[in-house]
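Fold and contact review
As a plain string of letters, each chain reads:
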Amino acid sequence: MSATPASLPGEPAVDQALARAHGLSADEYAAVLARLGRVPTFTELGVFAVMWSEHCSYKSSRKHLRMLPMTGPRVVGGPGENAGALEIGDGWVAVFKIESHNHPSYVEPYQGAATGVGGIIRDIFTMGARPVASMNSLKFGALDHPRTRYLLSGVVGGIGGYGNCVGVPTVAGEVMFDAAYNGNILVNAFCLGLARKGELQSARAHGVGNPVIYVGSATGRDGIHGASLLASAEFDAASAAKRPTVQVGDPFAEKLLIEACLEAMKTGAIVAIQDMGAAGLTSSSSEMAGRGGLGIELDLDRIPLREPGLTPYEILLSESQERMLLVVEKGREAEVAAVFEKWDLHALVVGRITDDGRWRARYRGQVVADIPVKALSSEAPLYDRPAAPPAAPLRAADAPARAPAPREALRALLASPNVGSKRWVFRQYDAIVQSNTLAGPGGDAAVLRIKGSRRGLALTVDSNPRACALDPYLGTVATVCEAARNLACTGARPAGITNCLNYGNPERAEIMWQFRRGVEGLRDAAIAFELPVVSGNVSFYNETAGRAILPTPTIAMVGIFEEIGQRLAIHFRRPGDCIVIIRTAAPSMAASEYAALFGAGDARLAPIDLNRERRLIEGLLKAAERRLLNSAHDVADGGLLVGLLEACFGDHALGAHLDGVDGSPDELFGEGPSTVIISAAADKVDALREIFAPLEVRVIGRVTSQPRLIVGTLFDESINELRLLYDQALPRRLELT
Amino acid sequence: MQVRVYVSPRQGILDPQGRAVENALKSLGFADASNVHIGRYITLEVKGDSRAAVEAEVARMCDQLLANPLIEDYRFEVEGG
Amino acid sequence: MQVRVYVSPRQGILDPQGRAVENALKSLGFADASNVHIGRYITLEVKGDSRAAVEAEVARMCDQLLANPLIEDYRFEVEGG
Amino acid sequence: MKWGVVRFPGSLDDDDALYALREVLGQDARMLWHKEETLGGVHCIVLPGGFSYGDYLRSGAIARFSPIMRSIAKFADDGGLVLGICNGFQILCEAHLLPGALTRNRSLAFICEQVTIRVENARTPLTRATRAGEVLRIPIKHGEGCYVAPESELRAMEERGQVLFRYVAPDGGLSEAANPNGSMRAIAGVANERFNVFGLMPHPEHAVEGELTGGADGLKLFHSLIEAAR
Ligand SMILES: Nc1ncnc2c1ncn2[C@@H]1O[C@H](COP(=O)(O)OP(=O)(O)O)[C@@H](O)[C@H]1O
Ligand SMILES: [Mg+2]
């Protein structure tokens, strides 16, 4: 029945050179010819190019990602679905994922970041989960780089502009500035949704003859080859010519889609559903058919278009936002359409499921593409690219440039945009809509309640590219440890990981080595903490003119409270409480902000003892459960004193008097393996010693009602004054013109 | 001199604002309205010796700040001088 | 007919966007720019029998939806027909 | 007392308002769909926060024309109680049920944070459970909350007591820094001349659970309305 597909009049002739221009290597083009048994049509070439791009096929990373532990007693839903899901108790399932939108955000920061948020939210509700929380991880170039402020305000504006308008609270995130990102910023967006167990939606088509339905915005020329090809090639001057039309987000359309899709799912008539993300209609249709082992036929004349004259090639490759593709039980189309009409959306039948395993598209009575579904969905090329460590370390230790007085060092650290408060950023995000946010941005992790349950969730996203630059393996292990600690400091038990692995060009052996070591670090740490990696994303080619970003594996972690009443905050609460630190190893200057400001970085990261890290986590959880603690805070950027001050910066204007620290720069400002600061009543300290053994529980001072930071004879400083430095770190740099 | 700059969404770029307003106009009973697009209307004064000099300066302002060339087109008028 | 509507902040109403753009222009070195105001530029097509009919309809659109008379002024041009 | 919370397609705090009324305050509250025209015999209508119709043009400009707004205008005309929160406030202004307009924040940025507001008139159905001069802690989250009205109108509103809340520092004092969005006369909330229609930018429905989330000062406003309807 199927006529041999042909290119349309006026379309370029397909040959190896054109394939090359589409990013397909000679071998890949040969594989296309072999799979089809003929020369592809122009449309088919475009389809292969996007589906076999790095972004869509994970061809360089897939082999390594298989190392990651993806299963566990809480994991639900098989691999291959759109996002991972975790059972969290009381019949609830949490669906979460993080994804990059780096290149689009560099080109057009507002829309790039906005559509990144929109895309990840669609990934979540497509699974039948209501999106309840967002986070983001942002890396910018140096603040004094001419483009940084523009990119920062655009990205933050775009995240807020989209997230605030769809009603998903942005509850946590991170921001870092480093010259390594001058030419390649990173925008990684996370979303978590909740579903009732048993109500997860599938993206696996079944039922031959079932109609394929399109809902959402009309298709335009946006982002043709956008996410797929742009994110699969280095970013250089030449790519300016390749630059796709910028995708513009429409958060109101997304809000309608969220509500309408979740409501339509309740009819039970939806067999499969997937958002049209990268490679739009092509990937969503071929992946749904592929998972079901079936075929699919699309009638391109029925696709709603935003402007006339789009070619089949453009329709299939468009990355217009806010679109969903559904497979619906035959005969129940009207029922589904009625729900969408309620939300002023139109559900259009644009194709059907077939039994022949082919992915076929018709346009004006002619077949323009006819490809085995498997060739698109599961038979993309796979590479084992060469990997080798670099000849010289990425970042050598600087000679100590100078050794500032501790008082001066502390002030410089507090005023550093990497250490100071990120309030300028997160006050632009609605963090409280949905009324579940018990702790929003500003703590170690966000805390959400689940209404009608004693349970709750904690969320954090972390990365440590400077550590990864020194050692991509240990840096990743350290990042996982930090995320787990951030959760445990709120009293939540770490339960699952999602990750976004941002690296340079994988065709270079040293980048591939960084990547492989990163995945190994993630694997080892995840196994040590018994945490499944339920979803993730890889972003390669983050380099400009041959200069790659620092290796940046971003780890988002979700923790569970069985009893939300046990949650802890970072702020000291009672004058007279003991201030206690617990460490897994001696602090070090390696990869610290102190080293970045003053030099004096160690060339090597200290090894990490995962058993001790785990003790620390378990100790925190047990102490929280027995309600021994009044606060807990993880020491991160800036080191111990900065951490102490953050614990003082609560509503109560308390202070700290330390007499148990040695006053060396390493002790006061070192970061490196883990330290947590807790406060507890003096009569609880013995119980803490028992719980944390063999880790040392060291009492270093007392919480005071006087708002001063007193460290032996070294300092006696006004907390309010230091707080001003910390609060103004970003505004002072951004708002002065 | 008095300058008026008109910035509008580039053709083919999604214009959610225009679409929302078009729908609203329709539902208000203005069935005759179509193809609605929304951009920015910027007025400013620019000192300069000649109209040509001002025009050149305004073009630079547009390229650098007033319009985003990736998603917007602009045109402008200079009056006086 | 082709219609262009210009909506601008009413005199005396705070126009923080205009001020921000003015500051940004200054910091980019455009010292000659002043009195910057930012409004909306709306283009649309309106079917109608006569120019007068279209003008009357557009005025209604502006009063009802396109501008808020408390804070904004508008004017428009109709072309063709 | 029966409450109706209006759901526009882009409403976001509709469920939060319903949660506060039902679960926290134990009230009889129902959702009203924007395409409906019947109000179901409620005593008080809440127009919640969000982006009613995307609000790309001006906040509330399009929502004002929805079918339910016709009924609400009539309801208000008959003396029914109407509370607009954030986007609801914007809609009520656009619909001319409240004076003035809400424009972009002075900083041009969206702001989400706890603010403190001072009660300026405690003898209204929305404020009777508070004291004049009392400072309430309630969160805001908006990009267009800068209240503007002609000077003559503002003077008349002040004389009639229509200015209900002002942004102040925690000690109750007025200051530039305490005015988060640049509102004229630091106005955070107003009433109509008849004192049955109210609008405010802060979100009382996000300040009903004490320690848990945003404080409990929002309860005072809901309690006021409950007393008033008695
Ligand atoms: N982009 C962002 N979005 C939302 N919240 C952010 C963002 N950046 C930082 N934050 C918040 O600021 C606080 C400090 O961030 P960070 O120093 O990275 O935390 P930590 O060191 O504990 O991981 C955290 O509560 C974080 O959630
Ligand atoms: Mg932390």
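Observations concerning the overall build of chain D
Helix and strand content of chain D: 5 helices and 11 strands. Relative to its length of 230 residues, chain D is compact, with a C-alpha radius of gyration of 16 Å against a globular reference of 17 Å. Overall, chain D is about 45 × 35 × 30 Å in size when its C-alpha atoms are taken along their principal axes. Within chain D, contacts between residues separated by at least 24 positions form 74% of all contacts whose residues are at least 6 apart in sequence. When the accessible area of chain D is evaluated, it comes to approximately 7,700 Å², of which 47% is carbon and sulfur surface. A gap of 4 Å separates the mean positions of the 24 positive and 28 negative side-chain charges of chain D.

Thoughts on the overall build of chain A
Tallying secondary structure elements over chain A gives 26 helices and 28 strands in all. Relative to the 2.2 N^0.38 estimate, which gives 27 Å for 737 residues, the radius of gyration of chain A is 26 Å and therefore close to what a compact globule would have. Dimensions of chain A along its principal axes, counting C-alpha atoms only, are 90 × 55 × 45 Å. The buried share of chain A, taken over its 737 residues, is 64%. In chain A, the proportion of contacts linking residues at least 24 apart, taken out of those at least 6 apart, comes to 85%. When the accessible surface of chain A is summed, it comes to about 24,400 Å², and 51% of that surface belongs to carbon and sulfur atoms. Treating the 74 positive side-chain charges of chain A as one cloud and the 82 negative ones as another, the clouds have centres 2 Å apart.

Let's talk about the side chain of D:S52
With respect to the helices, strands and loops of the structure, D:S52 is situated in the loop between β3 (44–47) and α2 (67–77). Apart from the residues lying within four places of it in its own chain, the contact partners of D:S52 are A:F252, D:F8, D:P9, D:G10, D:S11, D:G60, D:A63, D:N87 and D:I91.

Details of the interface of chain B and chain C
Taken together, the 33 residues of chain B in the interface contact 33 residues of chain C. Its largest share of buried area at the contact with chain C, chain B owes to B:F30, B:D32 and B:Y41, together 24% of the area lost on that side. Linking chain B with chain C are 0 salt bridges. Counting across the chain B and chain C interface gives 12 residue pairs in polar contact (both at pLDDT 80 or more). Of all the elements, strand β2 (residues 33–46) of chain B adds the most residues to the side of chain B that touches chain C, at 14 residues. Along the lines of polarity and charge, the residues of the side of chain B that touches chain C split into 17 nonpolar, 8 polar and 8 charged. In terms of strand pairing, β2(B) meets strand β2 (residues 33–46) of chain C through 11 bridges, oriented antiparallel. Following the sheet pairing, B:T43 is matched in β2(C) by C:H37.

What to know about the packing of aromatic side chains
All told, the structure shown has 20 aromatic pairs over all chains when counted by the stated rule. Taken together, a centroid distance of 6.1 Å and an interplanar angle of 35° make the contact between A:F96 and A:F190 tilted. One end of the pair, A:F96, is in strand β3 (residues 92–100); the other, A:F190, is in strand β6 (residues 186–196), and 94 residues separate them in sequence. Where B:Y6 meets C:Y6, the ring centres are 5.3 Å apart and the plane angle is 55°; that geometry is what we call tilted. In this pair, B:Y6 is assigned in strand β1 (residues 2–9) and C:Y6 in strand β1 (residues 2–9), connecting two distinct chains. In this pair, the class of B:Y6 matches that of C:Y6, namely buried. Through successive ring pairs, a cluster of aromatic residues spans B:Y6, B:Y41, C:Y6 and C:Y41. Directly above the aromatic system of D:W33 lies the positively charged group of A:K342, at a separation of 5.0 Å from the ring centroid. Cation over ring: B:R75 sits above B:Y6, and NZ or CZ is 4.2 Å from the ring centre.

Remarks on the pattern of salt bridges
Here the idea is simple: oppositely charged side chains can pair when their charged atoms come close. Counted by the stated rule, this structure contains 80 salt bridges over all chains. Across the pair A:R35 and A:E379 runs a salt bridge, and its minimum N-O distance is 2.4 Å. Separated by 344 residues along the polypeptide, A:R35 in helix α2 (residues 26–36) and A:E379 in the loop between α15 (373–377) and α16 (406–414) bring together distant segments of the chain. Here A:R35 falls in the partly exposed class, since its relative accessible area comes to 33%. One salt bridge connects D:R166 with D:E158, and the closest N-O pair in it is separated by 2.9 Å. Members of the salt-bridge network, linked through shared partners, are A:E297, A:R352, A:D356, A:R358, A:R360, A:R362 and A:D370.

Some details on the interface of chain D and chain C
Contacts between chain D and chain C engage 17 residues on the former and 15 residues on the latter. Its largest share of buried area at the contact with chain C, chain D owes to D:L57, D:R58 and D:L108, together 37% of the area lost on that side. Along the contact surface separating chain D from chain C lie 1 salt bridge. Between D:R58 and C:E72 there is a salt bridge; the shortest N-O distance is 3.6 Å. Linking chain D to chain C there are 4 residue pairs in polar contact (both at pLDDT 80 or more). Within the residue set of the side of chain D that touches chain C, elements represented by two or more residues are β5 (101–103) and β8 (146–148) of chain D. Considered class by class, the residues forming the side of chain D that touches chain C number 9 nonpolar, 3 polar and 5 charged.

What to know about the coordination of the magnesium ion (ligand 2)
Residues and elements named next belong to chain A. Taken together, the protein ligands of the magnesium ion (ligand 2) are D444 (OD) and N486 (OD1), with distances of 2.5 to 2.6 Å. Within this pair, whereas D444 is found in the loop between β14 (437–439) and β15 (446–449), its partner N486 is found in helix α19 (residues 472–488), the two being separated by 42 residues in sequence. Across the pair, exposure class does not vary: D444 and N486 are buried alike.

Examining the confidence of the model for chain A
Residues of chain A with pLDDT of at least 70 account for 95%, and the chain-wide mean is 92. Taken as a whole, residues 235–244 of chain A scores under 50 in pLDDT and shows 17 contacts with residues more than four places along the chain or in a different chain.

Re the site of ligand 1
All names here are of chain A. The full set close to ligand 1 counts 19 residues, and N136, G173, G442, G443 and D462 are the nearest of them. The backbone of E174 places a nitrogen or oxygen atom 3.2 Å from a nitrogen atom of ligand 1. Between G442 and ligand 1, the recorded distance is 2.6 Å, taken from a backbone N or O atom to an oxygen atom. Out of a free accessible area of 550 Å², ligand 1 has 90% covered by protein chains. Every element with two or more residues in the shell around ligand 1 is listed here: β4 (130–140), β5 (170–177), α17 (423–426) and α19. With 4 residues, β5 is the largest single contributor of residues to the shell around ligand 1. Taken together, the residues of the shell around ligand 1 break down into 8 nonpolar, 5 polar and 6 charged.

Focus on the sheet that holds strand β21 (residues 552–561) of chain A
Residues and elements named next belong to chain A. Strands sit in the order β14-β15-β16-β21-β17-β18 across an open sheet of 6 strands; the sheet is mixed. Each end of this open sheet is capped by a strand with a single partner; those strands are β14 and β18 (533–539). Averaged over neighbouring strand pairs, the angle between their axes works out to 20° when direction is ignored. In the sheet, strand β17 (residues 493–502) pairs with β21 via 9 bridges, with the strands oriented antiparallel. Residue pairing in the sheet places G496 in a bridge with V558 of β21. Most of the contacts of helix α20 (residues 509–528) go to β17, to which it runs at about 175°, and overall it touches β17, β18 and β21.

Calculation notes
The numbering scheme is per chain: residues are counted from 1 as the chain's sequence reads. By the order in which they are written, chains take letters starting at A while ligands take numbers starting at 1. Selection of residues for local features in this predicted model requires a pLDDT of at least 70, selection of side-chain atom pairs for listing and counting requires 80 or more, and totals for whole chains, interfaces and linings are taken over all residues. With hydrogens and water excluded, all non-hydrogen atoms of the structure serve as input to the side-chain values. Put simply, DSSP marks the helices as runs of H or I at least four residues long and the strands as runs of E at least two long, and each gets a number from the N terminus on. Atoms counted for the radius of gyration: C-alpha only. Globule rule: 2.2 Å times residue count to the power 0.38. What makes two residues a contact is simply this: any of their non-hydrogen atoms within 4.5 Å. Reported accessibility uses the Shrake-Rupley method at a 1.4 Å probe radius. Residues are deemed covered only where the shown protein chains occlude them. Counted as positive: Lys and Arg. Counted as negative: Asp and Glu, with His and the chain ends omitted from the count. For the purpose of locating charges, the reference atoms are NZ of Lys, CZ of Arg, CG of Asp and CD of Glu. Each residue's exposure class comes from its accessible area (1.4 Å probe, protein chains only) as a fraction of the maximum for that residue type: buried when under 20%, exposed when over 50%, partly exposed otherwise. The buried area of a pairing is the accessible area, by a 1.4 Å probe, that goes missing from both parts when the two are put together, added over both. One speaks of a salt bridge when a side-chain nitrogen belonging to Lys or Arg is within 4 Å of a carboxyl oxygen belonging to Asp or Glu. For the purposes of these results, a polar contact is taken to be a pair of N or O atoms within 3.5 Å, where, inside protein, one atom must be able to donate a hydrogen and its partner to accept one; residues adjacent in sequence count only when each atom of the pair is a side-chain atom. Under the scheme applied here, ten amino acids are nonpolar (Ala, Val, Leu, Ile, Met, Phe, Trp, Tyr, Cys and Pro), four are charged (Asp, Glu, Lys and Arg), and all others, including Gly, are polar. Strand pairing requires that DSSP identify at least two bridges connecting the strands. Two aromatic rings from Phe, Tyr or Trp, using only the six-membered ring of Trp, form a pair when their centres are within 6.5 Å; if the ring planes differ by under 30 degrees the pair is stacked, by over 60 it is edge-to-face, and anything between is tilted. In our convention, an over-ring charge means Lys NZ or Arg CZ found within 6 Å of a ring centre and within 35 degrees of that ring's normal. For Na, K and Ca the donor cut-off is 3.2 Å; for every other metal, N, O and S atoms count as donors within 2.8 Å. Water does not enter the count, which can leave sites looking incomplete. Per-residue confidence from the predictor is given as pLDDT, running between 0 and 100. We call a residue near a given molecule or strand whenever any one of its heavy atoms falls within 4 Å of it. Only C-alpha atoms enter the line fits that serve as axes; for helices the fit covers just the stretch in contact. Angles between N-to-C directions range over 0 to 180 degrees.

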